[in-house]
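Chain by chain, the residues:
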Amino acid sequence: MSLATFALGLAFGSFLNVCIYRMPRELSVIHPRSQCPKCRVAIHFYDNIPVLSWFILRGRCRNCQTRISPRYMAVELVTGLLFLVCYAHFGFTLATLKCCTFGFLVLGLIFTDAETQLLPDKLTLPGIGLGLLFSLLVPVNDLVSELLPGLITGPSPQVSWRLLSLLDSVAGMALGAAFIYGAGVIYLRARGVEGMGFGDVKLMAMVGAFLGVRLAIFTIFSASIAGSLFGLWTLFSVWMKRTQRRISRNHESVQLARRRAWQSASIALRYFPIPFGVFLGGMAMLAVFFGNRLLRWYWRSL
Ligand SMILES: [Zn+2]
């Protein structure tokens, strides 16, 4: 069963690669069949085996020898592992189906954002719908369900938990989107450049619809920390590199080189797009498995 889950994940990962390449280019994900992006020769089914084919062909097209990005192999492998982890965590349940669906969408968005700085509506909008739909099948167990269980009573307990769960999902969607929209406005004021677009707003609406308010907020805060650390690390490494270059090439004194390199590095970074969707997506996946545990630990340590 585990092996079958892994194989299914590999197959979905293979399809996800098609989505990652074609969706930002506004191409159909169904037609035509997979082809080499360079020579346009259709890829044979035996060269399209997830992960294995990439290694057998040593990451090159069989026809024209163009390099094929290791991203293809990585996405397949990660999707396979993700399906496996969901199954190991939730067993043979609807929760596993929900987790795999969410992971599939999030991985697609992470890799698309990293490559193109785009978060396609074709993934986020159906994702929001699916998140709301899944709340009727798998309880979201968030604030609404905890705070107002007696307030809303349906004709039967079966109906009332679904109603509460749907409300949790809607609240998560609205708050997730509102938070990131607000953060985007603040960021724009503070730095004078756009840091977050509507893609991030829709991404967080999707994350909130799947995970509820609490984990959506957890995702936003942890992603901001991770994104800031990444920004600082980039700034620092660019500064070091430019200082070295100034010293060796322009024979500037260490102090002068450091100061000038700092100026140019901070200007360069201001316009360097930090792929925030990557951090939001990564932290949302973390939230699925560890979010509640981390939040409990945080409340206790306060
Ligand atoms: Zn080719």
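In this report, the structure presented in the accompanying data block is examined.

Parameters and conventions
Residues numbered from 1 in each chain as written. Predicted model: local features only at pLDDT ≥ 70, side-chain atom pairs only at ≥ 80, totals over all residues. Heavy atoms only, no water. Helix = DSSP H or I, 4+ residues; strand = E, 2+ residues; numbered from the N terminus. Buried < 20%, exposed > 50% of the residue type's maximum accessible area, 1.4 Å probe, protein only. Polar contact = N/O pair within 3.5 Å; in protein donor to acceptor, adjacent residues only side chain to side chain. Contact = heavy atoms within 4.5 Å. Core = buried A, V, L, I, M, F, W, Y, C linked by side-chain atoms within 4.5 Å. Donors = N, O, S within 2.8 Å, 3.2 Å for Na, K, Ca; no water. Tetrahedral: all angles 85-135°; square planar, octahedral: opposite > 155°, others 65-115°. Disulfide = S-S within 2.5 Å. Axes fitted to C-alpha atoms, helices over the stretch in contact; angles between N-to-C directions. Parallel < 35°, antiparallel > 145°, perpendicular 65-115°, else oblique. Left-handed = near helix turned anticlockwise from the far one by under 90°. Expected span 1.5 Å × (residues − 1).

### Considering the overall build of the protein chain
1) Next: In terms of helices and strands, the protein chain carries 11 helices and zero strands.
2) Next: Ordering the α and β elements of the protein chain from the N terminus gives α-α-α-α-α-α-α-α-α-α-α.
3) Next: For the C-alpha atoms alone, the extent of the protein chain along its principal axes is close to 80 × 55 × 35 Å.
4) Next: Each of the 302 residues in the protein chain was classed as buried or not, and the buried ones make up 40%.

### Notes on the side chain of T112
1) Next: With respect to the secondary-structure elements, T112 resides in helix α4 (residues 94–116).
2) Next: At a separation of 2.5 Å, a polar atom in the side chain of T112 contacts the main-chain carbonyl oxygen of G108.
3) Next: Those residues in contact with T112, other than ones at most four positions away along the chain, are I20, P24, Q117, L118 and P120.

### Points about the nonpolar core
1) Next: Counting residues in each nonpolar core, the largest one holds 47 residues, and the members touching the most others are F102, I180, M206, L211 and L280.
2) Next: Elements supplying a minimum of two residues to this core: α1 (2–22), α3 (70–90), α4, α5 (121–135), α7 (157–191), α8 (198–211), α9 (213–250) and α11 (276–301).
3) Next: Ranked by size, the runner-up nonpolar core spans five residues in total, among them L235, W239, A261 and A265.

### Brief notes about the coordination of the zinc ion
1) Next: For the zinc ion, every protein donor is listed as C36 (SG), C39 (SG), C61 (SG) and C64 (SG), and the spread of their distances is 2.3 Å.
2) Next: Every donor counted, the four donor atoms about the zinc ion form angles of 106 to 115 degrees at the centre, which fits tetrahedral coordination.
3) Next: Each donor residue of the zinc ion lies on the same chain, and together they follow the pattern C-x2-C-x21-C-x2-C.
4) Next: Judged by its relative accessible area of 29%, C64 falls in the partly exposed class.

### Details of the state of the cysteines
1) Next: Applying the stated criterion across every chain, the model contains one disulfide.
2) Next: The side chain of C86 participates in a disulfide bridge whose partner is C99; the two sulfur atoms lie 2.5 Å from each other. Judged by the torsion about the S-S bond (-60 degrees), the C86/C99 disulfide is left-handed. Of this pair, C86 sits in helix α3 while C99 sits in helix α4, and the two are 13 residues apart along the sequence.

### Overview of the side chain of T219
1) Next: Within the element layout of this structure, T219 appears in helix α9.
2) Next: By relative accessible area, T219 is classed as buried at 0%.
3) Next: Among the polar contacts listed, one links the side chain of T219 to the backbone oxygen of L215, at a separation of 2.7 Å.
4) Next: When sequence neighbours within four positions are dropped, the list of residues in contact with T219 reads M204, V207, L280, M283, A284 and A287.

### Some points on unusual backbone geometry
1) Next: With an omega of -5 degrees, the peptide bond between H31 and P32 qualifies as cis.
2) Next: Relative to the assigned elements, P32 resides in the loop between α1 and α2 (52–56).
3) Next: You will see that Q65, though not glycine, has its phi angle at about 65 degrees, which is positive.
4) Next: Tracing the chain through its elements places Q65 in the loop between α2 and α3.
5) Next: Phi is positive for H251, which is not a glycine, with a value near 50 degrees.
6) Next: The topology assignment puts H251 in the loop between α9 and α10 (254–270).
7) Next: Taking the relative accessible area as the measure of exposure, H251 reaches 66% and is therefore exposed.

### Regarding the packing of α9 against α11
1) Next: Where α9 meets α11, the closest approach of the two axes is 7 Å, and the angle between their N-to-C directions is 130 degrees. The angle between the axes of α9 and α11 places the two elements in the oblique class. Considering the relative orientation of α9 and α11, their crossing is right-handed. Every residue of α11 that contacts α9 at R214, L215, F218, T219, I220, S222, A223, S224, A226, G227 and F230 is listed here: F276, F279, L280, M283, A284, A287, G291, N292, L294 and L295.

### Here's the deal with α10
1) Next: Between its terminal C-alpha atoms α10 stretches 24 Å, which fits the 24 Å expected from 17 residues at 1.5 Å a residue.
2) Next: Residues of α10 that are buried sit in contact with α7 and α9.

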